[in-house]
Amino acid sequence: NYFCNILMDKDSLKKIVSHSKEYGFIFPSSEIYEGLNAIYDYAHNGTLLKNNIREYWWKSMVQLNDDIVGIDSAIFMHPKTWVASGHVDAFNDPLIDNKDSKKRYRADVLIEEHIEKLNLKIQKEINKAEKRFKEKFDKKQFIETSPRVKQILSSVEDIKSKMVSAFENDDLTQVKNLIDELEIKCPISGTCNWTEVRQFNLMFKTKLGASEDSSMDLYLRPETAQGIFLNYLNVQKTSRMKIPFGIAQTGKAFRNEIVARQFIFRMREFEQMEMQFFIQPGSQSKWFDIWKKKRLDWHLNIGIDDSSFRYHDHDKLAHYADAACDIEFLFPFGFKELEGIHSRTDFDLKSHEELSGKKIQYFDPVLDKNYIPYVVETSIGLDRMFLAILTYSFKMETLDDGSTRNVMSIPKQLAPNKLAFLPLLKKDGLPEYTSKIMKDFKHKINIVYDEKDAIGRRYRRQDAIGTPYCITIDHQTLEDDTFTIRDRDSMEQKRIKIDQLKKIVEDELTLKSLLKNLNN
């Protein structure tokens, strides 16, 4: 299964990085000048896939929900924004250096990765027992009775408890002691020769103004959420929304990540897709559970196996939250956060009200009173969603004839190009016929034309970029208006007519066919 394949293939991330560059998904930024660490450019195929993911999110949030509207706020905001939000004082990473390798790490990530290694040991024990007992295997009973599993689980809980205590008390010495106690080694040097832990603020600073004397210190936004909170009153009044309602936004955010790594998983410039849902105080538990389910349903709707996802309740909460849960995805480097669902209480609006001196409240006609709404947030990294889809879709297959192929089994509705039109030969009127029928599809979906190389090689090229169907126009097409359609995943071929192809496009390849399955 997918879990076992990921565990077995330790080089899968390298293969994905290489494939992404070779087939026009992602390029290192400024590569001719030797690049910038943790900065990437989306290439021609990557841009199409990224746009499709963003559109799927946007339409499922805004178009399918009558109580959610969208905005696009500025990247630059008044510097007091980040004072009120807590980012100036509290937006820090706890960093630790290894004295031998000279490499820097996030202390909390080192501990979490140690916990994840213990979780993988548990999973391996489960896999072994499942293989041994087969259909008689009872997973719940095994976890509850296996001495080995119980011992590891106890260790995990002990580590979590100490970690939460250390971070809640802002006790960096306790964090360092835990790293020493667990004998966590540097992945590069293999030693435990660590410095003390210290905090580092992640915001990029810049200036606004015509001269040095008159300029104002600004920050590049580290999240898109605050743009929503600053516009809450304007949106509520102009849209005449009643609570509960949401405001959605996608856009760039910037964090000066010292430990940026794992390809596009952690970058300094990235894109978020966030929705803040404003609710009546006291109802946050209900809405938190609703949005947890709705967001996991959104991920599962594109056809990725549910074993690739899991919920992870936060052991340590952000300063603004009274509940938080991550939807984690099984990346090549283990289960990591893909999307966060947070109950932010009234922290943000209340802080902005106090610092600005402006009343930011909602008059509830049912309760006949004013109050500051509570907020449940859903926040997903577009780049991480992109990487999750690449991770799940990329396969290196050995075929029956002994040949191999690289295939990207991207969900069909999200694929960069939906159809590839391939004239068998570059003569005999085949290219002209191909161009004629392509006009019937250009206005609905992205398509691609390819006439170079043998047909088998062209099939492989389209497999590698994830095109769901190849349409081959041959001499029989000129006689009876039928052509060959080849399926990317099964490689099966059959002859169809253009009306049949139009139905396939409508039923399988448009975002509409994906959105209608969501239960809103």
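A quick note: this is a predicted structure, and the numbers were derived from the prediction, not measured.

Draft legend 1. The overall build of the protein chain, seen in detail. Helix and strand counts for the protein chain stand at 19 helices and 23 strands. Against the 2.2 N^0.38 benchmark of 24 Å for 520 residues, the protein chain shows a C-alpha radius of gyration of 26 Å, consistent with a compact globule. Projected onto its principal axes, the C-alpha positions of the protein chain cover 75 × 60 × 55 Å. Going through the 520 residues of the protein chain one by one, you find that 51% of them count as buried. The long-range fraction of contacts in the protein chain, counting pairs at least 24 apart against all pairs at least 6 apart in sequence, stands at 67%. Looking at the protein chain as shown, the accessible area adds up to about 25,500 Å², and 49% of this sits on carbon and sulfur atoms. Averaging the coordinates of the 79 positive side-chain charges in the protein chain and doing the same for the 80 negative ones gives two points 2 Å apart.

Draft legend 2. Up close: a nonpolar patch on the surface. Judged by side-chain polarity, V83, V88 and L355 come together as a nonpolar surface patch covering roughly 210 Å² of accessible area. As for its placement among the helices and strands, V88 is situated in helix 5 (residues 87-90).

Draft legend 3. Region of the structure containing the sheet that holds strand 21 (residues 469-473). Pairing within the open sheet is mixed, and its five strands lie in the order 20-19-21-22-23. Each edge of the open sheet is held by one strand with a lone partner, namely strand 20 (447-449) and strand 23 (493-497). In this sheet, adjacent strand axes meet at a mean angle of 30 degrees when their direction is disregarded. Bridge count between strand 19 (residues 419-423) and strand 21: five bridges; the pairing is parallel.

Draft legend 4. Region of interest: the pattern of salt bridges. The tally for this structure, following the rule as stated, stands at 38 salt bridges. D180 is the partner of K176 in a salt bridge, and the nearest nitrogen-oxygen pair spans 2.8 Å. Of this pair, K176 and D180 both sit in helix 9 (residues 172-181), four residues apart, which is roughly one turn of that helix. Residue K176 is classed as buried on the basis of its relative accessible area of 9%. For D180, a relative accessible area of 32% puts it in the partly exposed group. Notably, a salt bridge pairs E269 with K252, separated by 2.6 Å at the nearest N-O pair. Of the two residues, E269 sits in strand 10 (residues 269-279) while K252 sits in strand 9 (residues 245-254), which places them 17 residues apart along the sequence. For E269, a relative accessible area of 33% corresponds to the partly exposed category. K252 sits in the partly exposed class, given a relative accessible area of 28%. A single salt-bridge network, built from bridges that share partners, covers E397, R405, R460, D463 and R486.

Procedures and definitions
Note that residues are indexed from 1 along each chain, following the sequence as it is written. The predicted nature of this model means local features are confined to residues of pLDDT at least 70 and side-chain atom pairs, given and counted, to a pLDDT of 80 or more, with totals for whole chains, interfaces and linings taken over all residues. The side-chain quantities take in all heavy atoms of the structure and omit both hydrogens and water. A helix here means a DSSP run of H or I that spans at least four residues, while a strand means a run of E at least two residues long, and both kinds are numbered starting from the N terminus. The globule rule used here is 2.2 Å times the number of residues to the 0.38 power, and the radius of gyration it is set against is calculated over C-alpha atoms. Burial classes follow relative accessibility: with a 1.4 Å probe on protein chains only, a residue under 20% of its type's maximum area counts as buried, one over 50% as exposed, and anything between as partly exposed. Residues are treated as being in contact if the distance between any of their heavy atoms lies within 4.5 Å. The method behind every accessible area is Shrake-Rupley, applied with a 1.4 Å probe, and residues are considered shielded solely by the protein chains displayed. A positive count includes Lys and Arg, and a negative count includes Asp and Glu. His and the chain ends are not counted in either. We put the charge of a Lys on NZ, of an Arg on CZ, of an Asp on CG and of a Glu on CD. Here, patches come from residues exposed beyond 30% relative accessible area and free of salt bridges, joined within 9 Å for like charges and within 5 Å for nonpolar side chains (Val, Leu, Ile, Met, Phe, Trp, Tyr). In what follows, salt bridge is the name for a side-chain nitrogen of Lys or Arg lying within 4 Å of a carboxyl oxygen of Asp or Glu. Between any two strands, pairing holds if DSSP finds at least two bridges. For helices, the fitted line uses only the C-alpha atoms of the stretch in contact; every axis is such a line through C-alpha atoms, and the angle between N-to-C directions lies from 0 to 180 degrees.

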